[in-house]
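# What the coordinates show
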Amino acid sequence: MQTASQPRLRTAPPWYAQRWPWLLMLGPAVVLVAGGYTGYLAYTRQDAMVVDDYYKQGKAINQDLRRDRVASAQRLSVALHYNAGAHAMQGELTSFGRPVTTPFRIGLAHSTLPEKDILLAVYPDAQGRFSAPLPALEQARWQVNVEGGKRDWRLAAEWQFPAQQSMTIDADAAIAP
């Protein structure tokens, strides 16, 4: 039998029954999970912005500048329009205001996904007008490169689709040789 003169001792619950240790461990646990997920993403995703051979890339830039100067010397201009109903890229290529009738290429490079890049072979008529089949174009910022069939000249610009349904690219007369 217990007497009133003896105090009862309270026993503390074990550490795992307390909320403070769990609250303190929550921060490092979240950091470990987030770090693991970031590591998983880094391992499984390819970085499309990395180039293996920087020297070769630099030489390609110089080649592009030479092609830009050739386009300027010929005063090339291209007018492009995407006709969504006909699923076609339509337009006209001129040099010194006269139509160009030789075949050329139009390259549409997606801003973030290289697998969505499009290359169109274009065969203009006697008036320099063309219509090249183009599947449904998604909303994106596209880098447009129009280049000669022999890759001897180039016109380049950025195109924000669908905000811009049409665009004109003129060779820069300031960089003509």
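Everything quoted here is computed from the prediction, not taken from an experiment.

The next point concerns the side chain of serine 77. For serine 77, the position within the fold is in strand S1 (residues 76-83). Using a relative accessible area of 17% as the deciding quantity, one classes serine 77 as buried. Here the side chain of serine 77 touches aspartate 170 through a polar contact of 2.4 Å, side chain to side chain. For serine 77, the contacting residues outside a window of four places in its chain are Glu92, Leu93, Thr94, Leu155, Thr168, Ile169 and Asp170.

Strand order in the open sheet formed by four strands is S5-S4-S7-S8, with antiparallel pairing between adjacent strands. Two strands in the sheet have a free side with no partner beyond their single neighbour: strand S5 (118-122) and strand S8 (154-161). This sheet shows a mean twist of 20° between the axes of neighbouring strands, independent of strand direction. Pairing geometry for strand S4 (residues 104-110) and strand S7 (residues 140-148), over seven bridges, is antiparallel. The residue bridging alanine 109 from the neighbouring strand is glutamine 143, located in S7.

On to the nonpolar core, then. Membership of the largest hydrophobic core comes to 29 residues, with the highest contact counts inside it found for Leu80, Ile106, Val146, Leu155 and Trp159. Elements that contribute at least two residues to this core include exactly S1, strand S2 (88-95), S4, S5, strand S6 (129-133), S7, S8 and strand S9 (166-170). Non-local contacts of leucine 155, meaning those with residues more than four positions away in its chain, are made with Ala71, Leu76, Ser77, Val78, Leu93, Val144, Asn145, Val146, Ile169, Asp170 and Ala171.

Here the focus is the pattern of salt bridges. Applying the stated criterion to the full structure yields six salt bridges. For arginine 151, the salt bridge is made with glutamate 147, and the minimal N-O distance between the two is 3.3 Å. Through salt bridges with shared partners, one network takes in Arg67, Arg105, Glu147 and Arg151.

Let's shift gears to the confidence of the model for the chain. Per-residue confidence for the chain gives a mean pLDDT of 84, with 84% of residues at or over 70. The lowest-confidence element of the chain is helix H2 (residues 54-73), averaging 71 in pLDDT; the highest-confidence one is helix H1 (residues 20-44), averaging 95.

Here we come to the environment of threonine 168. Looking at where threonine 168 falls in the secondary structure, it is placed in strand S9. On the accessibility criterion, threonine 168 (52% relative accessible area) is exposed. Placed 88 residues apart in sequence, threonine 168 and leucine 80 show a C-alpha to C-alpha distance of 6.1 Å. With near-sequence residues (within four places) excluded, threonine 168 lies in contact with Ser77, Val78 and Ala79.

Cut-offs and rules
Residues numbered from 1 in each chain as written. Predicted model: local features only at pLDDT ≥ 70, side-chain atom pairs only at ≥ 80, totals over all residues. Heavy atoms only, no water. Helix = DSSP H or I, 4+ residues; strand = E, 2+ residues; numbered from the N terminus. Buried < 20%, exposed > 50% of the residue type's maximum accessible area, 1.4 Å probe, protein only. Polar contact = N/O pair within 3.5 Å; in protein donor to acceptor, adjacent residues only side chain to side chain. Contact = heavy atoms within 4.5 Å. Pairing = 2+ DSSP bridges. Axes fitted to C-alpha atoms, helices over the stretch in contact; angles between N-to-C directions. Core = buried A, V, L, I, M, F, W, Y, C linked by side-chain atoms within 4.5 Å. Salt bridge = Lys/Arg side-chain N within 4 Å of Asp/Glu carboxyl O. pLDDT = per-residue confidence, 0-100.

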